[in-house]
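Chain residues, written in single-letter form:
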Amino acid sequence: MRIDTSKFGVLDVPDKKIITFSCGILGFENLTEYVLLNIEETLPFYWLQAVENREVALSCMNPFDVMPSYNPEVGLDELESLMVEDAADLLILTTVVVPAEPSKATVNLAAPIIINAKGGRGAQIVLQNTKYNIRQPIFSDKEGAKYADIVKKAE
Amino acid sequence: MLILSRKLNEEIVIGDGITISVLAIEGDKVSLGIDAPSDFKILRKELLDAVKSNNKQSADISAEQIGKLKNIFADKGKKG
């Protein structure tokens, strides 16, 4: 299937790679079909590209790259709605927000995106009573400071 | 919208499995106890609103901004 994207042009994606978010994604409730793009140049960041709207691609990453101990509690009924047969088919992503100062980028650990890659189903699960932060800094303050130095030197 | 007045310790029953009790009232703050089947998701509305706005920001990021982030990551990898 050919998918038009505003960031990466027209891409040819196998039909089986299409992921249905039957409830949409909060803020994009009317868009239910997505593909997960792993574009070499932007790894380790991925893009959850809407099939029906070229402008919509949520930037995502592996939450375990930010917090290795991340352990979101997802209800069994929520996994059932993704028609999961084997936990090994599950992929967990977190959305990334980048402010003007990129070293202050954050991920949303309070609402992971869970994908059943084999079954082509996905959902964003807003965790109930969670200790995880909706704006978890990707880099610690120390890392951010280090990056600010690099930028200054480069300029 | 149905509007019901409830006093401290009074309850509301919704359908077959949901009971909401008023547990405490202090100034402008009300504590509610909610008994519901575990497959009912109960969330604070402002969390949903925050996730919605966060998702929109996440879709508003250019590949160029991600490129900058990637550089920070690469640098972190080299030194750490």
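Anyway, here's the lowdown on the structure attached to this text.

### Structural notes on the overall build of chain A
Check the secondary structure of chain A and you find three helices and 11 strands. Of the regular secondary structure in chain A, the N- to C-terminal order runs β-β-β-β-β-β-α-α-β-β-β-β-β-α. Taken over C-alpha atoms, the radius of gyration comes to 16 Å for chain A, in line with the 15 Å a tight globule of 155 residues would show. Expressed along its principal axes, the backbone C-alpha trace of chain A runs to roughly 50 × 40 × 25 Å. Counting over 155 residues, chain A shows a buried share of 45%. Sequence separation of 24 or more characterises 51% of the internal contacts of chain A that already satisfy a separation of 6 or more.

### Here's the deal with helix α1 (residues 45-58) of chain B
In this model α1(B) runs 20 Å from its N-terminal to its C-terminal C-alpha over 14 residues, within 8% of the 20 Å that 1.5 Å per residue would give. Among all positions of α1(B), only B:V51, B:N54, B:N55 and B:S58 are buried. One face of α1(B) carries all of its buried residues, which in axial projection span an arc of 100 degrees. The exposed set on the far side of α1(B), more than 90 degrees from its buried face, consists of B:K45 and B:E46. Those residues of α1(B) that are buried lie in contact with β6 (57-61), β7 (90-97) and β10 (121-124) of chain A.

### A few points about the nonpolar core
Nonpolar side chains in soluble globular proteins generally cluster together in the buried interior. Grouped together as the largest cluster of nonpolar side chains are 32 residues, with contacts concentrated most on A:M61, A:V96, A:I138 and B:L69. Broken down by secondary-structure element, the contributors of at least two residues to this core are β4 (33-37), β5 (45-50) and β6 of chain A together with α2 (63-79) of chain B. Per element, the largest residue contribution to this core is four residues, and it comes from α2(B). Excluding anything up to four places from it in sequence, B:L69 contacts A:F45, A:V96, A:V98, A:P102, A:A105, A:I138 and A:F139.

### What to know about the interface of chain A and chain B
With 46 residues of chain A at the interface, the matching set in chain B holds 30 residues. Interface area, chain A with chain B, both sides summed: about 3,300 Å², of which 65% is carbon and sulfur. Taken together, the connections running from chain A to chain B amount to two salt bridges. Residues A:E29 and B:K52 are paired through a salt bridge, measuring 3.6 Å at the closest nitrogen-oxygen approach.

### Focus: the state of the cysteines
All names here are of chain A. If you walk through the whole model with that rule in mind, you get zero disulfides over all chains. Looking at C23, it has no disulfide partner, and the nearest cysteine sulfur is the one in C60, 17 Å off. What makes C23 exposed here is its relative accessible area of 69%. According to the relative accessible area criterion, C60 is buried, its value standing at 0%.

### Considering the pairing of strand β2 (residues 18-26) of chain B
Residues and elements named next belong to chain B. The pairing of strand β1 (residues 11-14) with β2 spans four bridges and is antiparallel. Bridging across to β2, I14 finds its partner in I18. The loop that links β1 with its antiparallel partner β2 comprises three residues; one of these, G15, has a positive phi angle of about 60 degrees. Of the strand pairs in this sheet, β2 and strand β3 (residues 29-35) are connected by seven bridges, and their pairing is antiparallel. For A24, the partnering residue across the bridge sits in β3 and is S31.

### Comments concerning a nonpolar patch on the surface
Residues and elements named next belong to chain B. Taken together, the side chains of L8, I25, V30, L32, I34, F40 and I42 make up a nonpolar region of the molecular surface, amounting to roughly 610 Å² of accessible area. Here the nonpolar patch takes three residues from β3, the largest share from any one element. Counting through the fold element by element, V30 comes out in strand β3. By relative accessible area, which is 47% here, V30 ends up partly exposed.

Rules used throughout
Residues numbered from 1 in each chain as written. Chains lettered and ligands numbered in written order. Predicted model: local features only at pLDDT ≥ 70, side-chain atom pairs only at ≥ 80, totals over all residues. Heavy atoms only, no water. Helix = DSSP H or I, 4+ residues; strand = E, 2+ residues; numbered from the N terminus. Rg over C-alpha atoms; globule rule 2.2 N^0.38 Å. Buried < 20%, exposed > 50% of the residue type's maximum accessible area, 1.4 Å probe, protein only. Contact = heavy atoms within 4.5 Å. Expected span 1.5 Å × (residues − 1). Arc of directions from axis to C-beta. Core = buried A, V, L, I, M, F, W, Y, C linked by side-chain atoms within 4.5 Å. Buried area = accessible area lost by both parts, 1.4 Å probe. Salt bridge = Lys/Arg side-chain N within 4 Å of Asp/Glu carboxyl O. Disulfide = S-S within 2.5 Å. Pairing = 2+ DSSP bridges. Patch = residues over 30% accessible without salt bridge, like charges linked within 9 Å, V, L, I, M, F, W, Y side chains within 5 Å. Areas by Shrake-Rupley, 256 points an atom, 1.4 Å probe, with all protein chains shown as cover.

This is a description of form; function is not addressed.
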